[in-house]
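# Notes for the structure review
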Amino acid sequence: MSTTDNAPWLTQEAYDRLKQELDHISGPGRQEIIDRIEQAREEGDLKENGGYHAAREEQSKNEGRIIELKHLLETAQVGAAPADNGVVEPGMVVEAKIAGDLETFLFGNREIADDKDSITVYSERSPLGAAIHGSKVGDKLSYAAPNGKDIAVEVVSAKPYKA
């Protein structure tokens, strides 16, 4: 499985979870914020009204998330979890020795991970991600870090992510 045109890859479960979040924040969630802004506006002087400014900031963040989710859901490739074949591809939890240190991370889009999961995520577009995409367990390779240093990587394991 591979993504084309740099489209992010999501499991069906992740897509459904994000769609549900979008439906909430663009519907009832948006209205709740509008109501708080109106209540704060009725309190008077807006220059010194902390509640008003906090609600406006929350509204700005919410609108940004709406835009982000719409774009992601429109462009994402949705599919089943990748095969458990030891090949590094989006949706895999990878264990790798990076510059001698053993690290475990989710390979792909951070939105694949359940909100309760605090796993580190590396995108296919990151320098590390671009280097290991398509590699197999046991492969030894290196990539150029943003500071120009070559960093050695050995893929130790790659298993499908389970939320």
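Residues numbered from 1 in each chain as written. Predicted model: local features only at pLDDT ≥ 70, side-chain atom pairs only at ≥ 80, totals over all residues. Heavy atoms only, no water.

## Focus: the packing of helix H2 (residues 28-41) against helix H3 (residues 50-75)
What counts, and what does not: Here an angle of 0 to 180 degrees is reported between the N-to-C directions of two axes, which are lines fitted to C-alpha atoms, with helices fitted over the stretch in contact. Where helices and strands are cited, they refer to DSSP runs of H or I of at least four residues and of E of at least two residues respectively, numbered from the N terminus. Geometric relationships in this document are graded by angle, where less than 35 degrees denotes roughly parallel, more than 145 denotes roughly antiparallel, 65 to 115 denotes roughly perpendicular, and other angles denote oblique. For a crossing to be left-handed, the near helix must be turned anticlockwise from the far one by less than a right angle; the clockwise case is right-handed. Should any heavy atoms of two residues lie within 4.5 Å, those residues are considered in contact. Residue classes follow a fixed rule: Ala, Val, Leu, Ile, Met, Phe, Trp, Tyr, Cys and Pro count as nonpolar, while Asp, Glu, Lys and Arg count as charged, and any other residue, Gly among them, counts as polar.
For the pair H2 and H3, the least separation of the axes is 9 Å and the interaxial angle reads 160°. Considering the angle they form, H2 stands roughly antiparallel to H3. The crossing of H2 and H3 is left-handed. Mapping the contact onto sequence places Arg30, Ile33, Ile34, Arg36, Ile37, Ala40 and Arg41 in H2 and Gly51, Tyr52, Ala55, Arg56, Glu58, Gln59, Asn62, Glu63 and Ile66 in H3. Split into classes, the residues belonging to the contact of H2 with H3 amount to seven nonpolar, three polar and six charged.

## Looking at the pairing of strand S6 (residues 140-144)
This is how it is decided: Only strands that DSSP links by at least two bridges are regarded as paired with each other.
Across five bridges, S6 lies against strand S7 (residues 150-160) in antiparallel orientation. Residue pairing for S7: lysine 140 is matched across the bridge by glutamate 154. Taken together, S6 and the strand that follows it, S7, pair antiparallel across an intervening segment of five residues, in which glycine 148 is found at a positive phi of about 95°.

## Observations concerning the pattern of salt bridges
Rules: A pair is scored as a salt bridge if a Lys or Arg side-chain nitrogen falls within 4 Å of a carboxyl oxygen belonging to Asp or Glu. Whether a residue is buried, partly exposed or exposed follows from its accessible area with a 1.4 Å probe, protein chains only, as a fraction of its type maximum: under 20%, in between, or over 50%, in that order.
Under the counting rule described, the total for this entry stands at eleven salt bridges. Note that arginine 36 is salt-bridged to glutamate 58, the shortest N-O span being 2.6 Å. A residue pair is termed long-range when its members are at least 10 positions apart, and arginine 36 in helix H2 and glutamate 58 in helix H3 qualify at 22 residues. Overall, arginine 36 belongs to the partly exposed group, its relative accessible area being 34%. In this structure, the salt-bridge partner of lysine 159 is aspartate 84, at a minimum N-O distance of 3.8 Å. With a gap of 75 residues between them, lysine 159 in strand S7 and aspartate 84 in the loop between strand S2 (77-79) and strand S3 (92-98) connect regions that are remote in the sequence.

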